[in-house]
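Chains, contacts and geometry: an overview
Read off the chains here:
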Amino acid sequence: MSLAYKPSRREVVIGAGVLTIAFSLAGLLPPVVAQTGLPGSLGKTPALDAWLRIDAGGGVTVFTGKVELGQGIATALAQIAADELDVDMARIDMITGDTALTPDEGYTFGSLSIQQSGMAIRFAAAHARQILIARAARRLGATPDSLRVEDGLVFAGKESVSYWQLAEEGLFERDAGGGAAPKPADERRYAGRPIQRRDIPSRVFGQQSFLQDIRLPGMLHGRIVRPPGSGAVLAAIDEDRISAMPGVKNIVRDGSFLGVIARGEFQAIQAAEALAGVARWSNQARSSSSQELPELLTSLPARSSVIAEKDRGARLVAAKKISARYTRPFQAHASLAPSAAIAQFDGNQLTVWSHCQGVFPLRKALAQALRMDTENIRVIHAPAAGCYGQNGADDAALDAALLARAAGGRPVRLQWMRGDEFRWEPFGSAMVIDISGAVTGDGRLADWQCAVKGFTHSSRPGDGAGNLIAARHMANPITPPPARNIPRPTGGLDRNAVPPYQSDRLKVMKHFIAEGPLRTGALRSLGSYANVFAIESFMDELAALAGIDPVAFRLKHLGDTRGRAVIEEAASRADWGSPMTAGHGRGIGYSRYKNLGGYLAVVAQVAVDADSGEIRVMRAVAAADCGEIINPDGTRNQIEGGIVQSTSWTLMEEVSFDSGGATLSDWLSYPILTFDQVPLVDVHLMCQGPKRTTKKPLGAGELAQGPMAAAIGNALYDAVGVRLRDLPLTPEKVRAALQEKGEG
Amino acid sequence: MRIKLKVNEEVREADVSPDTPLLYVLRDDLGLFGPKFGCGLGQCGACMVHVDGRAVRSCITPVEAVAGSAIVTLEGLGGPENAHPLQQAFIDHQALQCGYCTNGMIMTAAAFLSENPDPSEGEIRGALSANLCRCGSHTRIIRAVKAASQKQNERGAK
Ligand code: FES
Ligand code: FES
């Protein structure tokens, strides 16, 4: 079976007709680019044939180490390849993350896939085309620049030869590097256009689309039973009762790792429930934390470092000073599907299907945990529900492998139950951000002092198998690697902690806590979400202090013209400054993701119910500059989704926990935004049209998270005059603040 | 125990215990992919199917309760050759990201539109408010449902 997309012969542009390709290469060949460092992931994997293959049958296979997470990457990469090769996009078959087939491109994260894989594929395909054209020229007895390509057919006048005839074994067995320059943007036929995603039809027709849909011959079903708390140790189980249950094949125990394999899925579920009932654990007492979150966080020891410092010497006399503390709770990825994996072990070779973000790092961790050689493990990516960072995918892969070792060569499909995901996923870190600042009499920012404190934002498998839950529970456990403190320039906890605004004096500190009450990991945008919430809220507080409009105050302190442009665009599209009815308000949030990626400004409009305290986000108007965009509709979709998700995080999301870990169990204990609460969203993309030619891709997937949070907080203040700094902005907190304001 | 089911206008048989939730029977025994496991608790809507025309959460519906009923899954609603207007609208509006919620959205909306063929935006939001989407595809889904209802009504008027 194959989950690969079988292309139809037509790729559809949204809102337009079908594309045809026919154009001349005259004047295009052979511009040579200076080879100072290969673009994107080519640097690490320069071999051309690692990226693409021309099939004699008339197809092109393109390989990427990146994976489809619902962001449409496979379609965007196919657009890029089709352009550079001059073939119909329908000929392109994409192979994504598979340790046996694709280049190692690490993880699919950080809004980097177009920059890394897209640029590698673009340059590799351009080079491949140059090789093919040179061959065709010899074959046709013509000069390369007199040739014309139509969908893989190379013409010299009326004579032609096809790529499929020219392709032969070993043609691309060389490194990219002598390469041709990719096409100028105005000659691209697919990149830059809203091509419909290729993986959508199978999902709307209920065809095989997901890891969960893979059916292998003889496949069994597995479920796991986790300890009742993070410190609990499995003491004993009465296996006999469970083994006698219908369909049960095996009970798998390895230290405190416990699971069951059964013939049927529901049988596995029932057996796991029963197993949980008979398992006896020691050290399972749980107590509620004696401290509330901000105090807990501030009390923990941390490693401190200065991440930015500036003092212009000639100091302005600060007229007014303020300081504020912003906080964020632990938050969950809460993927719509609990994590799953399929594993098969034939006694020597292990094959694992996973919806992880990086097949190669996962393979390395599996090898370490299972004490196997990496050569004997193959990890194949298959799509599942959106993950928004590191959810339980990697953990489930190890769980499935442990079960498969006991399955006598038969494949085991493991699916976590809802509560497994909610209790055991690696959560987004809680954070505390203290800022103090000063403005001069004429409204200039004179001082900015900031300290951000929190936990790690990366517990990925590539750092060590000890980052996986089961590896910690096995009889022969693996200790977790030291908590990763992601370095600058991108940073983790401190991502976007340095404000983009000019200040005469500036100091930003990071206080990194190595160990906390919950396992934390990468959640979409990492520390950027809370840092931008804090910075952009504080900018509004300073603007109010200076008596200046928040948009004007930002523009007064922002030099980056592209940043200014998105702020101005979002403000004007949202009718910034026009009057609003009582109880309604408008707020803005802005950031350049990681201080080096894409730009986004968003204006949120809210209505606040003074009685209930409920904030209803009515509308969000965003402007984004993502540099070159391969698929504008895909980009828009990502940003719209980010805005809605950030609204949900900001208004209601908070992980409850005690000494034994998270105390969540289902969607009732962790509600997310629903249809009746979702804002209308309007996303404007900058630098489209002819000007896009000159811009490098900057990424899009995570741009909206921080700005949207701040926009909501600022809109709340605009609507009813109260400032909330402790996420999430729940009705109770709004009510309490309104009451305090009324009394004050 | 052998149970007879009418699924997508075919009579099918499965050998399962009668308390097995319909979801697992459809997916594992009958080889269907439309309905999804999201929570198994009736909270997210990913597992939605139609039972005698009503949208039902198959993860909390014991299979014995629907023996004899007409069950329709996403596959039965329409396919590439005969797409249901909602399926076409979800493609036209690219109304999903990961697509894990899509089954529930389309099945819920299809049952809803047959009761309320010309809904307002607010009514669409209300009808889908017990279906979760974590990717934030809501605004596109609302647009797609609206577009499908208009298409259906145009067709009906002809
Ligand atoms: S899986 Fe049935 S409602 Fe969630
Ligand atoms: S599209 Fe991913 S959950 Fe809705």
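Each chain has its residues counted from 1, running along the sequence as written. Here chains are named by letter from A upward and ligands by number from 1 upward, in the order in which they appear as written. Whole-chain, interface and lining totals are the exception, using all residues; otherwise, since this is a predicted model, local features are given only for residues with pLDDT of at least 70 and side-chain atom pairs are given and counted only at 80 or more. With hydrogens and water excluded, all non-hydrogen atoms of the structure serve as input to the side-chain values.

**A word on the overall build of chain B**
Which entries qualify depends on this criterion: Secondary structure elements follow DSSP: runs of H or I of four or more residues count as helices, runs of E of two or more count as strands, with numbering from the N terminus. Here the globule rule is a power law, 2.2 Å times the number of residues to the power 0.38, and the radius of gyration is based on C-alpha atoms. Type-normalised accessible area, obtained with a 1.4 Å probe on protein chains alone, sets the label of each residue: buried when under 20%, exposed when over 50%, and partly exposed for intermediate values. For this count, His and the chain ends are skipped, Lys and Arg are scored as positive, and Asp and Glu as negative. Where a charge sits is defined by one atom per residue type, namely NZ (Lys), CZ (Arg), CG (Asp) or CD (Glu).
When helices and strands are tallied, chain B shows six helices and five strands. The C-alpha atoms of chain B give a radius of gyration of 15 Å, which matches the 15 Å a tight globule of 158 residues would have. Each principal axis of the C-alpha distribution contributes one length, and for chain B these read about 45 × 35 × 25 Å. A buried classification covers 59% of the 158 residues belonging to chain B. Here chain B carries 16 positive and 17 negative side-chain charges, and the mean point of each set is 7 Å from the other.

**Some details on the interface of chain A and chain B**
Rule in force here: It only takes one pair of heavy atoms within 4.5 Å for two residues to be counted as in contact. A simple way to read buried area is as the amount of 1.4 Å-probe accessible surface that goes missing from two parts once joined, with both sides added. Salt bridges are counted wherever a side-chain nitrogen of Lys or Arg sits within 4 Å of a carboxyl oxygen of Asp or Glu.
Taken together, the contact pairs 64 residues of chain A with 52 residues of chain B. For the chain A and chain B pair, buried surface summed over both sides reaches about 4,800 Å², with 59% attributable to carbon and sulfur atoms. Summed over the three residues of chain A that lose the most area to chain B, namely F205(A), L336(A) and F675(A), the buried surface amounts to 19% of that side. One can count five salt bridges joining chain A with chain B. Among the salt bridges present, the one from R140(B) reaches E640(A), with a minimum N-O distance of 2.7 Å.

**A short note on the environment of F553(A)**
Residue and element names in this part refer to chain A. Following the sequence through the fold, F553 ends up in helix α13 (residues 550-557). Residue classification places F553 among the buried positions, given a relative accessible area of 0%. Between the alpha carbons of F553 and G521 there is a distance of 35 Å; along the sequence they are 32 residues apart. If we skip the residues at most four places from it in the chain, F553 touches V439, G443, M539, L542, A543, A546 and I548.

**Focus on the sheet that holds strand β13 (residues 303-311) of chain A**
Residue and element names in this part refer to chain A. Note the cut-off: Pairing between strands requires that DSSP locate at least two bridges from one strand to the other. Helix axes use the C-alpha atoms of the stretch in contact, all axes being lines fitted to C-alpha atoms, and the angles between their N-to-C directions lie in the range 0 to 180 degrees.
The strand order β13-β21-β20-β19-β14 describes an open sheet built from five strands, whose pairing is mixed. Bordering the open sheet on either side are β13 and β14 (320-328), each of which pairs with just one other strand. Neighbour-to-neighbour, the strand axes of this sheet turn through a mean angle of 10°, independent of strand direction. Direction of pairing for β14 relative to strand β19 (residues 431-439): antiparallel, over a ladder of nine bridges. Paired with T327 across the two strands is V432, which belongs to β19.

**Focus on the nonpolar core**
Applicable threshold: By nonpolar core we mean a set of buried residues, namely Ala, Val, Leu, Ile, Met, Phe, Trp, Tyr and Cys, connected to one another through side-chain atoms within 4.5 Å.
Counting 88 residues, the largest nonpolar core has I433(A), W448(A), I615(A), I639(A) and I643(A) as its most contacted members. Counting residues per element, this core draws most heavily on helix α12 (residues 528-546) of chain A, which supplies nine residues. Dropping the residues within four chain positions of it, I643(A) is found in contact with V602(A), A620(A), A622(A), V681(A), V683(A), A704(A) and M708(A). In terms of nonpolar packing, the next biggest core, distinct from the first, is built from 68 residues, A385(A), V432(A), M105(B) and I141(B) among them.

**Side note on helix α1 (residues 73-85) of chain A**
Each full turn of the α-helix corresponds to 3.6 residues, which orients residues three or four apart in the same direction. Residues and elements named next belong to chain A. To be explicit about the condition: How far a helix is expected to stretch is found by multiplying one less than its residue total by 1.5 Å.
Here α1 spans 18 Å end to end across 13 residues, near enough to the 18 Å set by a 1.5 Å rise per residue. With 13 of its 13 residues buried, α1 lies for the most part within the structure. Remark: D86 follows α1 within two positions and exhibits a positive phi of approximately 60°.

**Some remarks on the pattern of salt bridges**
Residue and element names in this part refer to chain A. Applying the stated criterion across every chain, the model contains 38 salt bridges over all chains. E150 serves as the salt-bridge partner of R148, at 2.5 Å between the closest nitrogen and oxygen. Residue classification places R148 among the partly exposed positions, given a relative accessible area of 29%. You can call E150 partly exposed: its relative accessible area is 28%. Between K510 and D494 there is a salt bridge; the shortest N-O distance is 3.4 Å.

**As for the domain arrangement of chain B**
Residue and element names in this part refer to chain B. Our working definition: Start and end positions for the domains come from either an automated domain assignment or a database one. In the analysis that follows, any N or O atom pair within 3.5 Å is treated as a polar contact, provided that within protein one partner can donate a hydrogen and the other can accept it, and provided that, for residues neighboring in sequence, both atoms belong to side chains. Charged means Asp, Glu, Lys or Arg here, nonpolar means Ala, Val, Leu, Ile, Met, Phe, Trp, Tyr, Cys or Pro, and polar covers whatever is left, Gly included.
According to the domain assignment, chain B consists of domain 1 (2-77) and domain 2 (85-157). Taken over C-alpha atoms, the centre of domain 1 sits 21 Å from the centre of domain 2. Across the boundary between the two partners, domain 1 contributes 20 residues, which contact twelve residues of domain 2. Area buried by domain 1 at its contact with domain 2 is led by M48, L74 and L77, which between them contribute 36% of it. At the junction of domain 1 with domain 2, the criterion picks out zero salt bridges. Summed over the shared surface of domain 1 and domain 2, the result is seven residue pairs in polar contact (both at pLDDT 80 or more). When residues of the side of domain 1 that touches domain 2 are traced back to their parent elements, those giving at least two are β3 (48-51), β4 (54-57) and α2 (74-77). Among the elements that make up the side of domain 1 that touches domain 2, the one with the highest residue count is β3 (three residues). In terms of residue class, the side of domain 1 that touches domain 2 is made up of eleven nonpolar, seven polar and two charged.

**Quick look at the domain arrangement of chain A**
Residue and element names in this part refer to chain A. According to the domain assignment, chain A consists of domain 1 (9-198) and domain 2 (431-457 + 492-743). With centres defined by C-alpha atoms, the gap from domain 1 to domain 2 works out at 38 Å. Each partner contributes residues to the interface: domain 1 has 24 residues there, and domain 2 has 19 residues. For the domain 1 face of the interface with domain 2, the top three residues by lost area are S111, A185 and G192, together amounting to 32%.

**Quick notes on the packing of aromatic side chains**
Keep this limit in mind: For this analysis, a ring pair means two rings from Phe, Tyr or Trp (six-membered ring only for Trp) whose centres lie within 6.5 Å, classed as stacked if their planes differ by under 30 degrees, edge-to-face if by over 60, and tilted for the remaining angles. Any Lys NZ or Arg CZ that is within 6 Å of a ring centre and within 35 degrees of that ring's normal is treated as a charge sitting over the ring.
Overall, the coordinates contain 13 aromatic pairs over all chains when judged by the stated rule. Relative to F538(A), the ring of W448(A) has its centre 5.4 Å away and its plane inclined at 85°; by these criteria the two rings are edge-to-face. Of this pair, W448(A) sits in strand β20 (residues 445-454) while F538(A) is found in helix α12, placing the two residues 90 residues apart along the sequence. The residues W448(A) and F538(A) share a single accessibility class, namely buried. Ring pairing ties together the aromatic residues F266(A), Y24(B) and F37(B), which thus form one cluster. In this structure, R723(A) is placed above the aromatic ring of Y717(A), and the distance from its NZ or CZ to the ring centre is 4.8 Å.

**A few points about the side chain of S537(A)**
The residue S537(A) is located in helix α12 in this model. If near-sequence neighbours (up to four positions away) are discounted, S537(A) is found in contact with Y326(A), V532(A), A710(A), N714(A) and R723(A).

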